[in-house]
Amino acid sequence: MYISPMNSLLILFGESFRLGGQGNRNRGSKESYREQLNASLSHIKFIESLKKNNINMTVSINSYTSKFNNSLNEIYKSVLVDSKYYENLIGQTKLIHNCIDRITNINNYDFILCMRIDLFLKDKFFEIFNPYSDKILFPSVCFKPHHKCGVHPRVNDTMMFIPKKYFDFIKKFELCHNSWHDLIVSHKLSYEDLDMMLNTYHDSDSDKDFNPIYYIVNRNVNNTHRTKEIFDKYNF
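Summarised in this report is the structure supplied together with it.

1. A look at the environment of His146
No. 1: Checked against the element boundaries, His146 lands in the loop between β8 (136–138) and β9 (148–149).
No. 2: Given the relative accessible area of 41%, His146 is considered partly exposed.
No. 3: Considered as a pair, His146 and Tyr201 are 55 residues apart in the sequence and their alpha carbons are 9.9 Å apart.

Written as structure tokens, this is what we have:
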């Protein structure tokens with residue numbers, strides 16, 4: 001069956017070559033090099049898997065300066081459309097918003113995937129990723145008892161999928177645990193506009209909880225799945 005070609009953008013954001021757990025600012029050490037490259041190679045593998053389904057994906061790097069900037073540019077060179085390395089931390093939302101400002105042909109893309117640059121993508125991610133979704137997607141709801149923001153799902157904030165029809169919303173909200181809440185309360189979207197990639201509960205930090213679709217490189221990996229329940233966004 002013929003599938004119409006699609007064009008997409010992968011916005012990679014955050015600290016690369018970072019060593020240590022949450023809150024650690026150790027960036028650019030030689031000990032971090034191998035694992036970050038492994039993460040980047042998993043991204044290339046993902047891009048190549050999409051290509052088999054007639055989906056072209058290009059990459060924008062939005063990270064911070066280190067002695068390995070050229071290594072990243074080299075890995076992504078065949079698909080890289082843009083890269084920006086900052087001296088000072090500005091936060092993941094600003095990294096994403098600044099990228100959107102720089103990409104002048106944003107409406108030529110069918111979807112945008114925003115993702116932390118230090119995620120190693122497991123094969124399970126390739127299996128569950130749906131490039132044809134018509135909803136804004138987050139990876140998962142966080143594990144219990146940290147699964148709610150008010151009455152709404154508290155989302156895993158390591159990535160976000162946005163189909164073209166929602167591009168106008170990208171710069172109106174922050175990618176954070178409260179994103180679902182903010183899109184409903186402040187921007188009047190509905191539960192029909194939003195969903196999760198996974199129907200199970202997982203914390204953002206793979207050092208704290210098992211995650212089936214990725215792990216954060218250069219920190220410990222937890223194999224304990226804390227909340228073994230099925231997530232229903234209308235009743236959770």
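There is more to say after this.
2. Let's talk about the pattern of salt bridges
No. 1: Throughout the structure, instances matching the rule amount to ten salt bridges.
No. 2: Among the salt bridges present, the one from Lys77 reaches Glu74, with a minimum N-O distance of 2.8 Å.
No. 3: Judged by relative accessible area, which is 45%, Glu74 ranks as partly exposed.
No. 4: The salt bridge partner of Lys144 is Glu229, with a shortest N-O separation of 2.7 Å. Residue Lys144 is found in the loop between β8 and β9, and its partner Glu229 is found in the segment after β13 (214–216); the two are separated by 85 residues along the sequence.
No. 5: A single salt-bridge network, built from bridges that share partners, covers Asp205, Lys208 and Arg219.

3. Some thoughts on helix α1 (residues 33–51)
No. 1: Counted at 1.5 Å a residue, the expected span for α1 with its 19 residues is 27 Å, and the 27 Å between its end C-alpha atoms agrees.
No. 2: Inspection of α1 places Gln36, Leu37, Ala39, Ser40, Ser42, His43, Ile44, Phe46, Ile47 and Leu50 among the buried residues, and these make up the whole buried set.
No. 3: Contacts from the buried residues of α1 go to β1 (6–13), β4 (55–64), α2 (69–75), β6 (111–116), β7 (119–121) and α4 (123–128).

4. Some points on the pairing of strand β5 (residues 80–86)
No. 1: Bridge count for β4 against β5 is six bridges, and the pairing is parallel. Residue Val59 lies in a different strand from β5, and its bridge partner there is Leu80.
No. 2: Read as a crossover between parallel neighbours, the route from β4 over α2 to β5 is right-handed.

Each value, and the rule that gives it
- Residues numbered from 1 in each chain as written.
- Predicted model: local features only at pLDDT ≥ 70, side-chain atom pairs only at ≥ 80, totals over all residues.
- Heavy atoms only, no water.
- Helix = DSSP H or I, 4+ residues; strand = E, 2+ residues; numbered from the N terminus.
- Buried < 20%, exposed > 50% of the residue type's maximum accessible area, 1.4 Å probe, protein only.
- Salt bridge = Lys/Arg side-chain N within 4 Å of Asp/Glu carboxyl O.
- Expected span 1.5 Å × (residues − 1).
- Contact = heavy atoms within 4.5 Å.
- Pairing = 2+ DSSP bridges.
- Right-handed = clockwise from strand over helix to strand, strands pointing away.

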